[in-house]
Amino acid sequence: MATTTTSQLRETAAWRALAEHAEEVRGAHLRDFFKADPARGERLTAEAEGIYLDYSKNRITDETLRLLLQLAEERGVAERRDAMFAGEHINVTEDRAVLHVALRAPKGSHIEVDGEDVVPKVHEVLDRMSAFSDRIRSGEWTGHTGRRIRNVINIGIGGSDLGPVMAYEALRHYTQRDLTFRFVSNVDGTDIVEATRDLDPEETLFIVSSKTFTTLETIRNATTAREWALSKLGDEAAVAKHFVAVSTNADEVSEFGIDTANMFGFWDWVGGRYSMDSAIGLSTMIAIGPENFRQMLAGFHAIDEHFRTTPFERNLPVLLGLLTVWYSDFFGAQTQAILPYDQYLKRFPAYLQQLTMESNGKSVTLDGQRVDYETSPVYWGEPGTNGQHSFYQLIHQGTKLIPCDFIGFDQTLNPVANHHDLLTANVFAQTEALAFGKTPEQVREEGTPEWLVPHRVFEGNRPSNTILADRLDPGTLGKLVALYEHSVFVQGAIWNVNSFDQWGVELGKVLAKRIAEELESKAEPELTHDSSTNVLIKRYRESKGR
Ligand code: G6Q
């Protein structure tokens, strides 16, 4: 792979041109862009696989787009994309391929990692997951005492939790309603206690989801879950009927006491935050059924193919990724809001926080140079319309530039009265208000007293994307996730960072292990931390002793 040094990004012809060009665009208003080109709202759109992207309300011109596309070319985004699809070890710091795209490759396609076609393995696991899901859903699989499974609890954290929770909530409409699903992630005992307190172990199945099967939180929670289950079921043999594992680590799984016949595997080329469509999605599959799960995979795959084959000027993830680079690096935008107008997507912003920030929250390039440009913005958001009655104030009239992605659907899954028209009217109204605002003249015309005018003025010129799809079905969810996965890829390729490692989470883990021993040791430990940490540990030990 071509190596570039930090300054090489700033030295590309496209970057230099963009820096100059940004000065011109900064002074212009979206009102003027639309006035000068009344067809802008039809022109600056792209559509693929049922996903419609309106990016006309961005502070860009045709020249901006041309230069951003040139930047993508100069940075070798297409080559890097092809290297990913070809199974090259593009995760250089962990020396691994990055092949979540293989998880949704149709049967019969061919994707190689280190000389081996992985597609048959993927489908073998999917088939086993399907058979298992069907047995739970139909009641054929029973618990140790012969009772039907009514509750499924996924225990996992990070990438082994956020995808399953998000997908369960997003696809709740399609779930088998006589099954209860819960998700335990936090090592705070409250999480597991509250998740189990009203359930009967005889009817409860735990899915322990952990790629490594060594993650402290997950193993602690799984152990507590086992104690909870066995406190009623008594017999160790019950574990086989009430615990299954999703992992790449068979040794640790059997060490924990789970029969590896009840283990669903995946591979080191699936990153945690890119794993919701691997066996990590087992809870999703039990919830929505194998057929719907396959629809979701088909949605992912459709966008993979779109990303892989569509010219960049019409390529949705490329456009989204480039716009993020534009605002982060040339407009000083520190954050990006994700605003889904669908209650089922309530966990989508949280899911995207990990996907985007764990991937591109980096400050060294692939070859270890410190970057001298901005990388990932902070992603955040809430489903509409709730946010409108809280933090949108800042987006409309605050001092910060916050590019927004509005996500809406033509049809609702819950048609009741005129709720959906009202919801959708708010999507369109918000993007309009953000872009065009309200001038002092308009405010005066409304009869506003002069002293109140400045307070009621909306500057406008706040950029947004509008992403519309037909309805939130499993396929559409797959498409939306893949859209952001590949947008993250494009950003990472431009910034020349490794979007697939996460060394930043390591230090805390190591220190926590050491401090846990100090908090729990019977003898007074010799504390050699800084004075602040030493006092915190002492205080806690004293309080615990009381
Ligand atoms: C994701 C990260 C991280 C990981 C969790 C859980 O990309 O690697 O969030 O998913 O730390 O790890 P395990 O699945 O190994 O328990």
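Residues numbered from 1 in each chain as written. Predicted model: local features only at pLDDT ≥ 70, side-chain atom pairs only at ≥ 80, totals over all residues. Heavy atoms only, no water.

This brings us to the packing of aromatic side chains. Tallying each qualifying case throughout the model produces 23 aromatic pairs. On the basis of an interplanar angle of 35° and a centroid distance of 5.6 Å, the ring pair of tryptophan 326 and phenylalanine 330 is categorised as tilted. Placement of both tryptophan 326 and phenylalanine 330 in helix H15 (residues 316-330) is noted, with a separation of 4 residues, approximately one turn of the helix. The pair formed by tryptophan 326 and phenylalanine 330 is uniform in burial state, with each residue classed as buried. Relative to tyrosine 392, the ring of phenylalanine 391 lies with its centre 5.4 Å away and its plane at 45°, an arrangement referred to as tilted. In textbook terms, an aromatic cluster arises when at least three aromatic residues are bridged by ring pairs, as seen for Trp15, Trp326, Tyr327, Phe330, Phe331 and Tyr373. The lysine or arginine in question, arginine 40, covers the ring of phenylalanine 34, its NZ or CZ lying 5.5 Å from the ring centre. Sitting over the ring of tryptophan 141, lysine 241 keeps its end group 4.8 Å from the ring centre. (Phe/Tyr/Trp six-rings, centres within 6.5 Å; stacked < 30°, edge-to-face > 60°. Helix = DSSP H or I, 4+ residues; strand = E, 2+ residues; numbered from the N terminus. Buried < 20%, exposed > 50% of the residue type's maximum accessible area, 1.4 Å probe, protein only. Lys NZ or Arg CZ within 6 Å of the ring centre and 35° of its normal.)

What follows concerns the sheet that holds strand S9 (residues 263-265). Ordered in space as S6-S5-S7-S8-S9, the 5 strands form an open sheet in which the pairing is parallel. In this open sheet, the two edge strands, each paired with only one partner strand, are strand S6 (180-184) and S9. Averaged over all neighbouring strand pairs, the angle between strand axes comes to 20°, with direction disregarded. Pairing between strand S7 (residues 204-209) and strand S8 (residues 243-247): 4 bridges, direction parallel. Bridged to serine 209 within S8 is valine 246. Across the face of the sheet, helix H9 (residues 189-196) comes into contact with strand S5 (151-155), S6 and S7 while running at roughly 170° to S6. Against the sheet, helix H10 (residues 216-233) contacts S5, S6, S7 and S8, and its axis sits at roughly 160° relative to S7. (Pairing = 2+ DSSP bridges. Axes fitted to C-alpha atoms, helices over the stretch in contact; angles between N-to-C directions. Contact = heavy atoms within 4.5 Å.)

Okay, the layout of surface pockets next. The space that makes up the largest pocket amounts to roughly 1,500 Å³. Residue lining of the largest pocket: 49 residues in total, with Ile157, Thr215, Leu216, Glu217 and Lys509 positioned closest to the centre. Ranked by residue count, the leading element in the lining of the largest pocket is helix H22 (residues 506-520), at 9 residues. Residues belonging to the lining of the largest pocket are distributed by class as follows: 19 nonpolar, 17 polar and 13 charged. Around the second largest pocket, the lining comprises 18 residues; the ones closest to its centre are Gln343, Thr412, His419, His420 and Leu423. Considering only residue class, the lining of the second largest pocket consists of 7 nonpolar, 10 polar and 1 charged. (1 Å grid on protein atoms, 1.4 Å probe; cavity = no way out; pocket = protein on both sides within 12 Å on 5 of 7 lines; lining within 4 Å. Points joined across faces, edges and corners; volume = space filled by probe spheres on them. Nonpolar A, V, L, I, M, F, W, Y, C, P; charged D, E, K, R; others polar.)

Time to look at unusual backbone geometry. Trans is the prevailing form of peptide bonds, just as negative phi is the prevailing case for residues other than glycine. Cis rather than trans, the peptide bond between glycine 384 and threonine 385 has omega equal to 5°. Within the secondary structure layout, threonine 385 lies in the loop between strand S11 (378-380) and helix H17 (392-397). A positive phi angle, close to 65°, is found at asparagine 461, a residue other than glycine. Along the polypeptide, asparagine 461 turns up in the loop between helix H20 (453-456) and strand S13 (464-469). A relative accessible area of 9% places asparagine 461 in the buried class.

Helix length check: helix H7 (residues 119-138), at 20 residues, gives a terminal C-alpha distance of 28 Å against a target of 28 Å (1.5 Å per residue), a fit within 8%. Against the buried residues of H7 lie strand S4 (116-117), S7, S8, S9, helix H13 (282-288) and helix H14 (290-309). Count one or two residues on from H7 and you reach glycine 139, which has phi positive near 90°. (Expected span 1.5 Å × (residues − 1).)

Moving on, we come to the sheet that holds strand S10 (residues 335-340). Ordered in space as S1-S2-S13-S12-S10-S11, the 6 strands form an open sheet in which the pairing is mixed. For this open sheet the edge positions go to strand S1 (45-48) and S11, each flanked by a neighbour on one side alone. For this sheet the average axis-to-axis angle between neighbouring strands, irrespective of direction, equals 15°. Looking at chain direction, strand S12 (residues 404-409) and S13 are connected through 6 bridges and run parallel. From the neighbouring strand, isoleucine 407 faces S13, where its bridge partner is isoleucine 467. Across the sheet, helix H16 (residues 348-360) is in contact with S10, S11 and S12; its angle to S11 comes to roughly 165°. Each of S12 and S13 touches helix H18 (residues 419-436); the most contacted strand, S12, lies at about 155° to it.

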